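Breakdown of the fold
Each chain is listed here by its residues.
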Amino acid sequence: MQTSTERVIYNRAGQRVVSPDYLLFEAPRTKHFMTGSEAVKEAVKRASVDASVSYPITPQSEAAHLIGELWVEGYVGVYFRGESEFGVMSEVAGCALAGARTITTTSGPGTLRAFENFPMWAGTRIPVQLVLMARGVNAPLSIQPDNLEVGFLLDTGCMIWYAENAQDLFDMILAGFVVAEQPSVHVPVVTVVDGFFVSHTREAVMLPPDDIALPPYNPYKAPMPVIDAEVPPGRFLRDPFVMKSNYISYATHASWQWEVRSAIERSRPFAKHYLRGLIEEFGDPSAELVFVACGTAAAQSKEAVRLLEEEGIKARVIKLKTIRPFPIEELRQAVKGAKYIFVPEFNVVGWLEREVRRYLYAYSDAEVIGAPRVAGGMTMPAEVIVKEVLKLTGKEVKHVI
Amino acid sequence: MSYKIYEINEDLLDVMPQEIRDLQFKATWGNPKRGVMDLPYSKELIEEHSLCAGCPESMALRYILASLPNPEDTIIVNSTGCTSLVFPHIALHTVHSLFGNQNAVASGIKRVLEWRFPDKVKDVVVLAGDGATVDIGLDCTLQSFFRQEKITTICFDNEVYANTGGQESGLTMKGHVFKMAPKGKQWDKVPMWQLAIDSGCHYVARLTVSSPKRVETVIKKAIYVAREVGPTYVHLYTPCILEIGLNSDDGLDEMRQRDKERFAFFEYVSEPAKEVIERKKEEGLL
Ligand SMILES: Cc1ncc(C[n+]2csc(CCOP(=O)(O)OP(=O)(O)O)c2C)c(N)n1
Ligand code: SF4
């Protein structure tokens, strides 16, 4: 909160500009009942957003509509519907290159149609935020929740964060801009949430007042020249070409790839601060049975922990808030003493299991079990998770599913 | 901003390369009347190029860059192709992102710049090959016209995918045998200038780059109209001398030939565009 001697600053929408810490941690909050899509609107409303471009795809469309409403109300500077997701992701690249704090949203097949843009975003070091409401990928046609596309996104050079519920989503969107725009980071952030389960269900969300907002984006702090003709032209990577056949260009390209990945690594301390840690732990810290999960799978695992307690089995959950950067040290610490690590997932390939195995290799003796896995829009009842555990422990399955 | 952003720190003047010093002392910033006639006397905004010797695309780039009325506040958006090899040599803000999304990237840039700098003129010019504009990028190209984005789109039509080694494009002539069209192209050349008119462009021109002065007038008209009214489109024949088997000094003749037939000068001006063009003429800017 500003003291009386400080000058009060307002953003273009007339909201009082406050520090990210104040907005995220200190401002008084009141309880509201809303869907995940509405939580996106509430976050964007407090984020001093400059630009957004939209394209419909269920279950993301409503969030994009609501950002359009904010544009009409004057909270967002530039807003329009693009021609396709490929067009949209290109248009938001233009917006961000021209110096705008930019957000867009998509789901499932839209993500894949847009795909060529994501490594380009990272390679041009634009801090665009993509809110991804994960959904199944065709075919067969599906509009149901599933998070297969996140597996594709992991290695594009974007940060990948995963919200569990509408509250997480609200806080992560605000934190996402703050972390992505750090001059030492300055790469895109994909904020993922499970479509429908979060986008379309109502829950209690604690919101700070809506007359305060994040400090506006200052493009002149970016590590790359902003393309607005107000600074000398950028002559590195934002224009081509590092593709002459010589070792200097090979080395330049390679070092740039490493630099983008390093930028993600440099986001750790900021993400740790603004997300209050890269992981969240739930349940009995001494339990040898551990669930490692993100998003809705983490929520369901928490339910499973409660059910297992009734079975006399102690269990705990390690929820990963960021996948890129991966909370390597945090996970290694947290699984100390674990005997069984279950990785429940909302996709068929088990991309999170792959990640968990990769980072725990030679650091944990626990058995990693990539189960249960659901896809195609199926829910993951806590009983299904419990059943997997009981199967392993040889106990009788009592809970009927 | 102003051309001052190109000014060199005084303490470094003596160690800067000559071409950078020339940009400060011999470039034509800040003069909307600049044009191709300045080329022999001023510092060009393109230093050198890595196109084939005698490639007409290099002539086109020179004339276009010399004709921008507002280079200090112009952003050029490019696409993958032969032209993209030239962009690192251009002393302006240029963006290359992907192949075919140039008009979408430009739309984002233009809208944000209009919003961030409502009192300044910031021109956004798209410059890409025929493959990028009419094939892989046609959706983004036309949709930017539908949306009335205030950008100028310039297509370098060399009637082939040159940079990837001579594959047929949508603008190749029917029947022409190119790679990936081993039996000859199966359908007619896409009349992109007409599509541009039908899609809402306010100024459309088709020409070769055989006449520098004509290129200058067309580019200036296209930029002034885009600035005030809406999308504009310029279709330039820049033959790929390599892929059609001409010597490096044959490009000009090839264009003069086509001036009389399929690239005969053609211009379309909408009513609101006419008003802008007349006014600019009165102001002595055209
Ligand atoms: C998505 C994608 N597909 C294909 C390519 C390969 N590619 C590079 S340049 C090019 C052709 C360019 O043709 P055109 O736009 O006509 O420009 P020109 O090289 O003829 O000047 C192609 C197909 C690419 N870079 N990206
Ligand atoms: S390949 Fe053709 S278009 Fe490309 S630079 Fe050479 S002559 Fe010009």
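Shown above is the structure to which this text applies.
Residues numbered from 1 in each chain as written. Chains lettered and ligands numbered in written order. Predicted model: local features only at pLDDT ≥ 70, side-chain atom pairs only at ≥ 80, totals over all residues. Heavy atoms only, no water.

**Quick notes on the pattern of salt bridges**
Across all of its chains, the model carries 48 salt bridges over all chains by this definition. Taking the shortest distance from any N to any O, the salt bridge between R227 of chain B and D123 of chain B comes out at 2.8 Å. Taken together, the residues R227 of chain B in helix α7 (residues 212-228) and D123 of chain B in strand β3 (residues 123-129) connect sequence positions 104 residues apart. D123 of chain B sits in the buried class, given a relative accessible area of 3%. Its salt-bridge partner being R258 of chain B, residue E261 of chain B comes within 3.0 Å of it at the nearest N-O pair. Judged by its relative accessible area of 38%, E261 of chain B is partly exposed. A cluster of three or more residues bridged by salt bridges with shared partners is formed by E83 and E91 of chain A together with R111, R147 and E149 of chain B. (Salt bridge = Lys/Arg side-chain N within 4 Å of Asp/Glu carboxyl O. Helix = DSSP H or I, 4+ residues; strand = E, 2+ residues; numbered from the N terminus. Buried < 20%, exposed > 50% of the residue type's maximum accessible area, 1.4 Å probe, protein only.)

**Section: the sheet that holds strand β5 (residues 203-208) of chain B**
Residue and element names in this part refer to chain B. The strand order across the open sheet formed by 7 strands is β2-β1-β3-β4-β6-β5-β7, and the pairing between neighbours is mixed. Each edge of the open sheet is held by one strand with a lone partner, namely β2 (93-96) and β7 (266-269). In this sheet, neighbouring strand axes are inclined to one another by 15° on average, regardless of whether the strands run parallel or antiparallel. Direction of pairing for β5 relative to β7: antiparallel, over a ladder of 4 bridges. Note that in β7 the partner of Y203 across the bridge is V269. (Pairing = 2+ DSSP bridges. Axes fitted to C-alpha atoms, helices over the stretch in contact; angles between N-to-C directions.)

**Here's the deal with the site of ligand 1**
Neighbouring ligand 1 are 17 residues; C82, G131, A132, N158 and A162 of chain B lie closest to it. More than one chain reaches ligand 1: its neighbouring residues belong to chains A and B. In this structure, an oxygen atom belonging to ligand 1 sits 2.9 Å away from a main-chain N or O atom of N163 of chain B. Coverage of ligand 1 by the protein chains reaches 78% of its 590 Å² of free accessible surface. In terms of residue count, helix α4 (residues 130-135) of chain B provides more of the shell around ligand 1 than any other element does, 3 residues in total. Grouping the amino acids of the shell around ligand 1 by side-chain chemistry returns 7 nonpolar, 7 polar and 3 charged. (Near = heavy atom within 4 Å. Polar contact = N/O pair within 3.5 Å; in protein donor to acceptor, adjacent residues only side chain to side chain. Areas by Shrake-Rupley, 256 points an atom, 1.4 Å probe, with all protein chains shown as cover. Nonpolar A, V, L, I, M, F, W, Y, C, P; charged D, E, K, R; others polar.)

**Focus: the pairing of strand β4 (residues 78-81) of chain A**
Residue and element names in this part refer to chain A. In terms of strand pairing, strand β3 (residues 51-54) meets β4 through 4 bridges, oriented parallel. Note on β4: the bridge partner recorded for S52 is Y79. One crossover worth recording links β3 to the parallel β4 by way of helix α3 (residues 61-72), and it is right-handed. (Right-handed = clockwise from strand over helix to strand, strands pointing away.)

Just geometry here; none of it tells us what the structure is for.
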